Structures are given as structure tokens and as C-alpha cells.
Protein chains: 2
Amino acid sequence: MVNQVQRVDGSWQTSKSDSSGASNSGESSKESSRCSTPLLDADRSDRLREKMRKRMESGDPWFSLEFFPPRTASGAVNLISRFDRMGSGGPLFIDITWHPAGDPGSNKETSSMMIASTAVNYCGLESVLHLTCSNQSQETITGYLTKAKQLGLKNIMALRGDPLGTDWEDEEEGFNYATDLVKHIRSEFDDYFDICVAGYPTGHPEAQSYAEDLQHLKEKVDAGADFIITQLFFRADTFLKFLRDCRAIGITVPILPGVFPIQGYQSLRQLVKLSKLEVPEEIMEVIEPIKDNDAAIRSYGIHQAVEMCRVLLDSGAVPGLHFYTLNREVATTEVLRQLGLWIEDPRRPLPWATSANPKRKVEDVRPIFWASRPKSYIYRTQDWDDFPNGRWGNSSSPAFGELNDYYLFYLKSKSSKDALLKMWGEELTSETSVFEVFTSYITAQVNRGGHKVMCLPWNDDALATETNLLKDELEKVNRRGVLTINSQPNINGKPSSDPIAGWGPAGGYVFQKAYLEFFTSSENVTALLKVLKKYEPRVNYHIVNVQGHNMTNAQDMQPNAVTWGIFPGREIVQPTVVDPVSFMYWKDEAFALWIEQWAKLYEDESPSRMIIKYIHDNYFLVNLVDNDFPLDSCLWQVLDDMFELLDAFTDGLMS
Amino acid sequence: MVNQVQRVDGSWQTSKSDSSGASNSGESSKESSRCSTPLLDADRSDRLREKMRKRMESGDPWFSLEFFPPRTASGAVNLISRFDRMGSGGPLFIDITWHPAGDPGSNKETSSMMIASTAVNYCGLESVLHLTCSNQSQETITGYLTKAKQLGLKNIMALRGDPLGTDWEDEEEGFNYATDLVKHIRSEFDDYFDICVAGYPTGHPEAQSYAEDLQHLKEKVDAGADFIITQLFFRADTFLKFLRDCRAIGITVPILPGVFPIQGYQSLRQLVKLSKLEVPEEIMEVIEPIKDNDAAIRSYGIHQAVEMCRVLLDSGAVPGLHFYTLNREVATTEVLRQLGLWIEDPRRPLPWATSANPKRKVEDVRPIFWASRPKSYIYRTQDWDDFPNGRWGNSSSPAFGELNDYYLFYLKSKSSKDALLKMWGEELTSETSVFEVFTSYITAQVNRGGHKVMCLPWNDDALATETNLLKDELEKVNRRGVLTINSQPNINGKPSSDPIAGWGPAGGYVFQKAYLEFFTSSENVTALLKVLKKYEPRVNYHIVNVQGHNMTNAQDMQPNAVTWGIFPGREIVQPTVVDPVSFMYWKDEAFALWIEQWAKLYEDESPSRMIIKYIHDNYFLVNLVDNDFPLDSCLWQVLDDMFELLDAFTDGLMS
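- Within an unreviewed UniProt entry, the label attached to chain A reads methylenetetrahydrofolate reductase (NADPH), and the organism entered is Gadus morhua.
- According to UniProt, the comment filed for chain A under the heading Cofactor (unreviewed entry) is "FAD".
- Per UniProt, the comment on chain A under Pathway (unreviewed entry) is "One-carbon metabolism; tetrahydrofolate interconversion."

Structure follows, in C-alpha cells:
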């Protein structure tokens, strides 16, 4: 099952040497000596400034999205879901503001640092972390930057921040201006970070003059900033004049206009007050009469932003647009759609979402088991300090992280306890109640209580499009207690551009072996093992219970590649494997989810909890691979045979 | 097979348990951590004694072949061709006798040591090197053994050898018996070598008695010998009695009967004299009357050997047969065919012949360029002391060995200068003469002089069966000066058991991208480059001349996998790649072959030599890969387009 996968950098840009006989660089050949990891996308590990340069060269405008850290843990869970959704439109990067009052550098799930880390590591988004320097010691700042680097963050937006009191006095030793912070980053961390600084199209409110403020901006760039994002503005001309003025004094780095789609009367007033900006009369004239009509204001805001962005893009001087989202989704997404910049590109570099942490850039194999829980896989492998050959599919050497931090917010269900009870049953009466929950999830039909089952402990989202192809078969087996949690159909050479199954560069072909993973009773397993003898060596299986009693026909515990791709001019890529060793770690997690997410919804000793506990203690986790990928999957036939054998046995007992 | 996996003290123990509960070693799970090299054939790296054990367990009788070192370099070239041919019938091992008078441990191309090394390293045959110890110092023997080990030899037949003079005196410090040699090997090299010793079914001629000789044999085994090969004999009963007697005194190792198919009157007499054996009367009675009829004697010899072998095999006490070939092919092959032991198994573990050197056992990728010259590839990479992940397809780090030792016997043409001149032309008059040689080779038609062209400098053998499928196309383009030296058709998922294209374990599928490699003129290359623009990115190309002027559209110098296989329960295997880096090394070799093998057939300054020299200096070496393997190859269309463009240009000039 392949989950929603967002593309970080929209394009498959690859530099081609032309036929005129250019010779290839030695650098790339050095990289290619690690030949088990073909460079599917030479871009994906590039620096942000390099990505910008390439997009500018090819005249391909981008967008970026600004978010602020949430106040609560459940707000964080929601924001991360938003990252996943908004990431699918292809932002070049997102940025997370720095909230000095919110313990921004801490390990709290709501801190700026943790939110940015989550965006990079778990959502695979190129991210810029804001950092303000006023009233901070050099040691504190260095500490933040060191931590950011350790977490895989690569980009900093260097800001002064507001003074704490009203009286502003320069500090001899400390940071007085963003320029000081830029210099500090460059002196302490050399060229490691890409640095962004803020530009003020109408001048900084505290600056003596517009001209002086431009000079300050030039100083920030000269100190080592790589690009500029501007404060918001309301007229395209304001930005375009600012841009010309910057260029006139020798500022050559990319300057990205900060766009603020008006989303409501109150938020506009608040922002204007905070930023000391004036809203142009022509806008106030439209808004004042409709100030109590939120929908109308939002509609106008979208219209106004689209118009302004069109002028900016048409000027040819704007390489990308930066959006102040206010953590909201609808307005910005709509503006981007109307501009034609929101592109849900089905072309994924790999079938799973790659992490944006540079440490993981060579990772190109994952076990299939965590397909629906990629954040858990990344979390549990975060301490692996190396991905030799990018091949961690077989995980016999490095240890998987424990599930001690089980309740870490990004592993939690997005749904409330109340919602979960409605979906999974306020009261369970038998194992069959559980079968029905699975069946409702598969069919997307309401359960007995009239609620749709939108997630299961092993699947935080609705069924993947690809799995939908198997819906009828899945429904049938779940009704009979084959509780499926992961599956993929076989694929025999679909184009890599296929909207559902495709991934990787153009002109390639992707393949899959059929895969099915489920919990089922020990009675079923006994019958299944008999049946599987008929399917040797076509079907590989691993069958394990919570105690670790394991049955398999895998030879020499070798991994089985179940997803692979063939591309022009590349080695074979095999990003998904069924790996016997990591399956044993996954087994622990998969069984634990019964208890942690489901059983604990119910009172201790309650019948409902006892039923889930019984399944946890007695069922087996089974995975099946049909190796004969060019033929129709035989896995359904395997299960049919199993049911037939069980029926024959039952009939025998009855007669 | 059902594996039990348990977690013990943080580590994984794997144990195979079927209904009978046999246990599996932990080694295999350790092995599988190197996940880029799937264990295609768990047997191939096994020790000889382990291979014997497995074959005995499965009741699968084997055969082995004994050869002696040749006297001349050209004899060596012929013997190596024989190894290749006789290796295809599936001997479990071959053995090479030790000729004390022939500088047996030297680097001479005819030495026992070098012939055994060639069999192991270049022909991929499990080999046993004989070693005699009489009149040798311990240091000399240790030197031989050390060298053998360094060369990748793993098995020694430990023999006493004949005393130099007629007077035999025990040496205090030296070796008096094979037992001493066995002890020495075990004490100096521990368990590294598998050791074979000789058994004498009628007693050693110098032994006091048959019983005493049996005791000596028991001593050799007790000293550490792994198996026994017997001296030749003429009656099955002789061997079977000997076998019973060995077992009776506690010799438990495998005992292989030495079979000598009578191949001629003189050779029989000589052998009998040498081995002090008596030929039974019933055989002499048949042979004497036909002693001048070689064919009749050979025919009888085959008949007699087959009859005797049948009795041996039917006894159920003989696990394998050892053949004294006298370096001849026909009689032994025929005996083996009649016994049903000669099996040209189309199932290859990889599409190319794997080397039997244990150092290379993890090698699983090779560049396609040396497909017709595998011995040259092995020779040039022999100093690579490591095959990390078995992946040397991309060769940017290790250096290829130079071609200084170009005339090394195993790189030489098998044909004489005279034969080559007949095939490649006594006198060349133009480039077209060269085109005709290539065309004759492709079509297997006689050339102008009435001779078939059986080889080319780049292809020591006739066209591969697979290439034959492309014959018509190849003929057409060679006639027009596209001088093809390597090609493979596309294959889109044929069963791994396919007799022509198949390789690897059963139940898998093999794939290929179409590949074509040729020399052609710079005019053709100019047109080809224009045409190739239309085939982006479907076709990858590398075009290079002898000076190294290189044109390619390969991205980032990455290798392109052109042969791969998908197997049950395995990772993907991709044994053949087009690797841009190694192509530059191959280029040197490919161009050099024009001069070394062809031009030098002719007088200095002769027109013939100048023509070859001109081609060497001015032609380009081109390789093309059609990445779209599911479609019919477009490479012929590419060449058609090139010819069309050239014709249009010529027409333009004419009109």
C-alpha cells in the first residue's frame, strides 16, 4: 500500500551533457561508485539555493509556505497533517516562525525547533527555521544552531526579532541586528546553512529612511545571506519598486515577495497593527462594507492575491512567491490553484516519501511493513547514523529504536478517543465485532452505529487508491477474520508516469509483487500452512505471533524485493522489500497497536478490552508475497483454499 | 522449510525447523546483511568436501576429470579451451597433476600451478592441484602451498611422488610419505585446504602387502585427508572389494574410483608399465587382435568403461567417478553421455561464468564490454583485493590492470597466424575488405578465399546462440561498415529456465535491454549523433575514439543495468551493466586488439597493415542501449536512420 506521497521539489531536473562531446565531471562518477544507490534525482539532496538557481534557470516559478508553531499538542498533530496535504502541491520549501515566548528551541512538541524538524524528517519537506537573535547570548544562539543541524535542518531565516522592552539599547557583546546573526552563522557554521533574511518593501518601521533600510539589507546579504523574503505588501508595484531599488544598490540574491491572502477582517487588522503597515484605500473600500461576511472577504482576498501575483509573475522579475498562510489551508491553496502553481505531481522519486533530512538522502530501500506508518519507521531509525549504500531494507545490523516514546505526538492517531470509539465500536461483543470494523474500513461503509471507519490503528488514513483496486477481495476475506492491514497488487511493468502506480524518472517501468499482510486466528493459520505447501516456491510467507513464534519459507532470511523500477540509463532501483529481520521489529509494533490504540479505549477488565487483548495474545501476523508478478495474484486463491479447507473440516465435524 | 526466529540476548538466531526439526546455521543470516548480493546459489562458495556431502545426501552421483599440464604454450591455449568445453558437462571438479620435472610451481604458462590457477580463475572450475613431496624441503612445499592459496586454489591432492634415484632413503627432516605432507598441510594451513589422497585398489606397488598399504591409507586419512581417489583398475570388483576393506578398517571418507577409458593400444601399454598394473586377460584378448585399429580400440574402451561404471554406480557404494582423461576429450565425454552424467545444464547462476576463486565469490556485476573476453576481464581485475557488495560493475575506484602482459597465453587467439590470415585476409585492399571479414563472421559464410571466419579479435568463438537471433540485422549493418563486436537482444521477462536466455534459480524471470557495440567511421558517427537526438532519452550512447574523445548522454556517469533477474524470495539481481567508467578501459583494449591481433599479421608498412592502422586511428567505438526493453529494439531503426541520412547527403552531393 502506498500512502500519499508529497513531492518536495517539483521537477526531475537532470543535467544532460549534449551530443557535442562534453566530458562528464569526475564528481558525479565518484558518487556513482556507490552503485547500489542510483541517483534517481540528483536534485533531491541539493541545497535550497541550488534548487532556486535551477528553477530560475529553467524559468520555472515556485512557491513557498510560512507556518507558525501551534499552541497545543493536538494543534501540532493537525498542523503536521496540513504539512502532508500542502506538501502535495509542491512547495519549494516551507518555513516555521520562531516564537521566543514559546520555548522555541526546546523538545516540546509545539516548539519551533520540533515543528521544523518534523516537517523535514517526517514530512519530507525542505524547511527553513526562523531564528531571532535579540536578547540572546552567542552561546544560546550557537546552541540552537547546533541542535538544528543535528536534527537535519539546513536553512535558517535570520531575524533580529523585537526588543523585549520599549527601550532599545545596543549590546556590546550581543546581537543588535540580523546582520550580526548572519555573520555569526557564517563564522560558526561556515557554509553549512542556507540563510534567508527579511526585506521590507516599504522600509523597516524602525529604520531612519527607506534608503537606510535598503543599505541594512545590503549589509545582511553581504554578510552571507542567500536569499530574501519580503514583508507582506498589498500592491505589486510596491514590491517591484523595492526589487528595482535592491538591484540598483547591488543586491543580486533572489528576492521573494511575501504574499498575504486576506482571510478575514480581524486577522487583517491584527496583522496590519503588528507589522505597522497601511492597507491601501482601494482595499479598505472593498472590505469595510463586507467586514461581517467572512466568506465574501475570503473570496475577495483570494481574488486580490491572485491578481497581484499575476502582475508579479508577469513582470518576469519574480522567481517565486512566498505565502503567509496563517496556518490555514484553503485560501493559499486556492490562490495557488488559480495561478497554476499548485501541481500535485504524480511523479514521485520513490514509491515512498523521501525524508528531507540530509542524513537520509542516500536511503533508497525500506521494508514494506511500515508503508502506512512511515513516520514511525523514520522515528525508529532516526539514530542510525549511516545509510551505507542507502540500503537499510535488510536491517540485521542496526538496531531499531524502541517504542518507548510511543505517545510521541507524531505517532498518535489524529482522531480523538471519542471519534475512535465511534469508529471502532463503543462496545465489542465478540471477535466478529472486530471483523466488522475492518470490513467497514475496507468498504468505506458505515458501521452498525452509523459511523464510517476512516482509520485503523495500522492505517491512519483512508485506503490508498492503489489498495482500492483490491477492495472486493479485501472485503470478502476481512468478513471471515482475515484482518488485512497492508497490501499491494502485482504490477508487471507499468510506465513510471502511471498516475497511480508510477514513480521515478520518466521513460521507466515499475513492477510489484503482490503483497498481503493480515492478522488471523491460529485455527486459520493451521489451515493456511497446509494450503501454502501447494504454492511452493511461488508464495513466500512469514507467520508470527506476539511471542515471536515464527514460521517462514524465506531462504537464508534474504530480503524479497517487492517493488522495483527500471529506468533509462540507471541501475535497477528496488525501494521496497519484505525483509525477514525487520519484520520481527514490525511485529512488535503491529501487535502493540492492538493494545495501545484500541484496547486502551475501554475500561480495564471490560469485555471489549478483553476481546482485543485475546486477539493480541492469540492471533498471528501473516505476510504473503506472490513471486510470480507477471501472473494474476494467487494470494486470493490461497485464502480461498484456506477457507475451503476450514469449511471442509467444519462440515466433517457436523456430519 | 520453516524457520524459527528467536531473539536471544538482542541477537537473532535463525534455525530451520521442518517437521523433522533440522537446524540451520546462524551463518546464513549473517550473510544476508550484505543485501546487495542475493545468494543465488548457496553452493557455489562451498568447500569441495561440502559439495560432495550434499551430493551424497541427495543421491546425486558426480564425475571429476584429471588433466596433466601441457608441454607448450599453444598446448596450454588448447587445454584451456578443453577446460571450457568439458566444464560445460558439469564436473564436480578437475585435477591437475604435478610434474616435478616441469618446474611445476613456477609462473610458466605450462606449469601445474598456472594451469590449475587458470582453471579456477578463468574457467571457473573447482580444481584440485596435485603436489608431491619427495625430495622437497618443508620450505619449498610451504612456498608452493602459500602460492596456491594466493592464487585462489583450495584443494590439494597430497602425493609422495617417485624418488629421484633408485635408492630410496628416508630423510630425517624431509617428507618420506604422503602422510607427512598431509600433516604438514594441516599444521601449516590449518583447515584451509581440502585434501585428497591416493588409494591403491590392488595395493601400492612398493607396499609390503595389500593390508599394510590399507593401513598407510588409513594413516593419511587420519592425518587429515578429506577424500580418496584411487589408482586406475580394470574390474569393478577390484574397486568394490577395496572399498569394503577400507570401510572395514574404519576409513569413512568418500572414495572415488579412478576410471581409465582405454583410448589406444600404446597409451594403455605405457600407463600399465608406469603404474605397474596388470591388464586382465579378458581385456587383452579383445585388444590384441585390433591393436592397429585405433577407432576399434577406442570404441571398445568406451564400452568397457561404461559397463564397469554402471556396475560401480549400481552398487550404491560409489558417490562419484574420477576419469583419467589423458587430456583427451572424446572418450571420456562419450562414457559420461552414455552414463547420463554429462549434463549441459542451461541453468547458470548468473548470465556470465562465475570464477571459482573464493576471492571473487561475491562478484555479481560485470560490465558488458568484456562479455566475449571474460578471461581478459578477470585477468585485468585480478589484483582487486575486495569485491564490496560484489559490485564492481562500476569501476571508478579500483584501477584496471594494464595490458602489458598482453601476450599472456590465455589472452592469445587460439588460432595460428596462418589460420588468422586465411580468415581475416592475406591482403586487404580497402576498408571494405574489413567490412567483408566482419560480414563473413556474422553470416558464417566463407570469405573470398573460401575460408569461414570463425573468430574476430574481439570474439574468440563463433557467434553466441543469442546473438544469432540478430543475424540478419547484423549482416546488413556490417556490410555498410558498422562493425559489430558485441550485442544482445531485448528480453522482457522470459522464465529463468529459458534454455537460451535463462539464468538464476527456478521460478524467476530474466530481462535485458537491447545492446549494440561497434566500430564505425567518423562520418558515420557524425550522422549517428544527429539521428540520436530523436531517440532521447530512449537510447543511451557512448561514443569514443582511440584518443579518448568521448561523447555520451549518460546522466552523471551512472551505470545502466542491461541484464537483470527477478527471483522468488530474493532481491533484484543485475549482473550486467554498461558502466561509463570501465568503458574507457575497455576502449583501450578494444582498439589495441586491432593492432595486436590483426595489423601485426602483416608486414610493417604493408598496405594491409596501413588499412587496419587507419581504422584503429580514425574509427570510433560506439555502444548503444535501448532502454525501452518491453518494445522491439529501436537500435536497428537508429542505424537505418543513420544510413538514410548518409544516403541523402551523398545524393545531395551527386545532384
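From this point on, the discussion continues.
### Here we look at the overall build of chain A
Point 1. Along its length, chain A carries 21 helices and 18 strands.
Point 2. Here chain A holds 655 residues, and the buried ones make up 61% of them.
Point 3. In chain A, the share of contacts with a sequence separation of at least 24, taken over all contacts with a separation of at least 6, comes to 75%.
Point 4. Surface summary for chain A: the accessible area is close to 26200 Å², and the carbon and sulfur share equals 49%.

### A closer look at the sheet that holds strand E13 (residues 514-520) of chain A
All names here are of chain A.
Point 1. Strand order across the open sheet formed by five strands is E10-E13-E18-E14-E15, with antiparallel pairing between neighbours. In the strand order of this sheet, the two ends are held by strand E10 (483-488) and strand E15 (550-552), each with one partner. Strand after strand, the sheet turns through a mean of 10° between neighbouring axes, direction not considered.
Point 2. Of the strand pairs in this sheet, E10 and E13 are connected by five bridges, and their pairing is antiparallel. Directly across from Leu483, in E13, lies its bridge partner Phe519.
Point 3. Of the strands in this sheet, E10 and E13 are in contact with helix H17 (residues 471-479), which crosses E10 at around 155°.
Point 4. Sitting on the sheet, helix H18 (residues 522-532) touches E13, strand E14 (539-545), E15 and strand E18 (620-626), and the angle it makes with E14 is about 155°.

### A word on the packing of aromatic side chains
Point 1. According to the stated counting rule, one finds 53 aromatic pairs over all chains in the structure shown.
Point 2. Between Phe67(B) and Phe83(B), the aromatic rings sit 5.0 Å apart at their centres with planes inclined by 70°, giving edge-to-face as the arrangement. One end of the pair, Phe67(B), is in strand E3 (residues 62-67); the other, Phe83(B), is in helix H3 (residues 73-87), and 16 residues separate them in sequence. Residue Phe67(B) shares its accessibility class with Phe83(B), and that shared class is buried.
Point 3. Chaining the aromatic ring pairs together yields one cluster made of Tyr509(A), Phe511(A), Trp564(A), Phe629(A), Tyr509(B), Phe511(B), Trp564(B) and Phe629(B).
Point 4. It is Lys149(A) that lies over the ring of Tyr192(A); its NZ or CZ is 4.6 Å from the centre.

### Structural notes on the state of the cysteines
All names here are of chain A.
Point 1. Enumeration according to the criterion identifies zero disulfides over all chains in this entry.
Point 2. Considering cysteine sulfurs only, Cys196 is the nearest to Cys246, which forms no disulfide, with 13 Å between them.
Point 3. You can call Cys246 buried: its relative accessible area is 0%.
Point 4. In this structure Cys309 is a free cysteine whose sulfur lies 17 Å from that of Cys196, the closest cysteine sulfur available.
Point 5. The exposure class assigned to Cys309 is buried, which follows from its relative accessible area of 0%.

### Examining the packing of helix H11 (residues 294-314) of chain B against helix H12 (residues 330-339) of chain B
All names here are of chain B.
Point 1. Two elements in contact, H11 and H12, have axes whose closest approach is 9 Å; the angle formed by their N-to-C orientations is 40°. Overall, the two elements H11 and H12 adopt an arrangement that is oblique. Both H11 and H12 take part in a crossing whose hand is right-handed. Within the contact between the two elements, H11 uses Arg298, Ile302, Ala305, Val306, Cys309 and Arg310 and H12 uses Ala331, Glu334, Val335, Gln338 and Leu339.

### Brief notes about helix H11 (residues 294-314) of chain A
All names here are of chain A.
Point 1. The end-to-end C-alpha distance of H11 is 30 Å, a good match for the 30 Å that 21 residues give at a rise of 1.5 Å each.
Point 2. Buried positions along H11 lie against helix H8 (236-248), strand E7 (255-259), helix H9 (265-275), helix H10 (281-287), strand E8 (320-324) and helix H12 (330-339).
Point 3. Two residues or fewer after H11 comes Gly316, characterised by a positive phi angle close to 75°.

### A look at unusual backbone geometry
Residues and elements named next belong to chain A.
Point 1. Following Glu536, the chain continues into Pro537 via a peptide bond in cis, with omega recorded as -10°.
Point 2. Looking at the element boundaries, Pro537 is found in the loop between H18 and E14.
Point 3. The backbone of Asp190 sits at a positive phi, close to 55°, despite the residue not being glycine.
Point 4. Following the sequence through the fold, Asp190 ends up in the loop between helix H6 (178-189) and strand E5 (194-199).
Point 5. The exposure class of Asp190 is exposed, given its relative accessible area of 58%.
Point 6. Its identity as a non-glycine residue notwithstanding, Ala444 has a phi of 60°, on the positive side.

### Comments concerning the pairing of strand E19 (residues 573-578) of chain B
Taken residue by residue, a regular strand's side chains alternate between the two faces of the sheet.
Residue and element names in this part refer to chain B.
Point 1. For E19, the tally of buried residues reaches six of six residues, placing the bulk of the element in the interior.
Point 2. Both strand E11 (residues 366-367) and E19 contribute to a ladder of two bridges, which runs parallel. Bridge pairing in E19 places Arg366 opposite Thr576.
Point 3. Bridge count for strand E18 (residues 560-566) against E19 is four bridges, and the pairing is antiparallel. Bridging across to E19, Gly565 finds its partner in Val573.
Point 4. Connecting E18 to the next strand, E19, in antiparallel fashion are six residues, including Gly569 with a positive phi near 65°.

### Quick word on the sheet that holds E18(B)
Residues and elements named next belong to chain B.
Point 1. In space, the five strands of this open sheet follow the order E11-E19-E18-E14-E13, with mixed pairing throughout. This sheet does not close on itself; its edge strands, each paired only once, are E11 and strand E13 (491-495).
Point 2. Here E13 runs beside strand E14 (residues 509-512); their pairing, made up of four bridges, is antiparallel. Bridge assignment links Asn492 to a residue of E14, and that residue is Phe511.

### Describing the nonpolar core
Point 1. Formed by 76 residues in total, the largest nonpolar core has its most connected members in Trp424(A), Val434(A), Trp458(A), Phe519(A), Trp594(A), Trp598(A) and Leu639(A).
Point 2. Broken down by element, the residue count for this core peaks at 11 residues, all from helix H19 (residues 580-598) of chain A.
Point 3. In this structure Leu639(A) touches Val477(A), Val482(A), Leu516(A), Phe518(A) and Leu528(A), once residues within four positions along its chain are discounted.
Point 4. With 74 residues, the next largest nonpolar core counts Val453(B), Leu483(B), Tyr541(B) and Val622(B) among its residues.

### Notes on the pattern of salt bridges
Residue and element names in this part refer to chain A.
Point 1. One pass over the structure, following the stated rule, counts 65 salt bridges over all chains.
Point 2. Residue Glu589 is joined to Arg373 by a salt bridge in which the shortest nitrogen-to-oxygen separation is 3.0 Å. Separated by 216 residues along the polypeptide, Glu589 in helix H19 and Arg373 in the loop between strand E9 (366-367) and helix H13 (374-380) bring together distant segments of the chain.
Point 3. Accessibility expressed as a relative area gives 0% for Glu589, which makes it buried.
Point 4. Residue Arg373 is classed as buried on the basis of its relative accessible area, which comes to 10%.
Point 5. One network of salt bridges, in which partners are shared, links Arg47, Arg49, Arg186, Asp191, Asp194 and Asp226.

### Notes on the pairing of strand E15 (residues 514-520) of chain B
Residue and element names in this part refer to chain B.
Point 1. When you tally the buried positions in E15, you get seven out of seven residues, the bulk of the element.
Point 2. Both faces of E15 are covered, namely the face carrying Ala514, Leu516, Phe518 and Thr520 and the face carrying Tyr515, Glu517 and Phe519.
Point 3. Pairing of E15 with strand E20 (residues 620-626) involves seven bridges; the strand directions are antiparallel. Across the sheet, Leu516 pairs through a bridge with Leu624, a residue of E20.

Rules used in this analysis
Residues numbered from 1 in each chain as written. Chains lettered and ligands numbered in written order. Predicted model: local features only at pLDDT ≥ 70, side-chain atom pairs only at ≥ 80, totals over all residues. Heavy atoms only, no water. UniProt positions renumbered as here; feature names shortened; annotations may be inferred. Helix = DSSP H or I, 4+ residues; strand = E, 2+ residues; numbered from the N terminus. Buried < 20%, exposed > 50% of the residue type's maximum accessible area, 1.4 Å probe, protein only. Contact = heavy atoms within 4.5 Å. Areas by Shrake-Rupley, 256 points an atom, 1.4 Å probe, with all protein chains shown as cover. Pairing = 2+ DSSP bridges. Axes fitted to C-alpha atoms, helices over the stretch in contact; angles between N-to-C directions. Phe/Tyr/Trp six-rings, centres within 6.5 Å; stacked < 30°, edge-to-face > 60°. Lys NZ or Arg CZ within 6 Å of the ring centre and 35° of its normal. Disulfide = S-S within 2.5 Å. Parallel < 35°, antiparallel > 145°, perpendicular 65-115°, else oblique. Left-handed = near helix turned anticlockwise from the far one by under 90°. Expected span 1.5 Å × (residues − 1). Core = buried A, V, L, I, M, F, W, Y, C linked by side-chain atoms within 4.5 Å. Salt bridge = Lys/Arg side-chain N within 4 Å of Asp/Glu carboxyl O.

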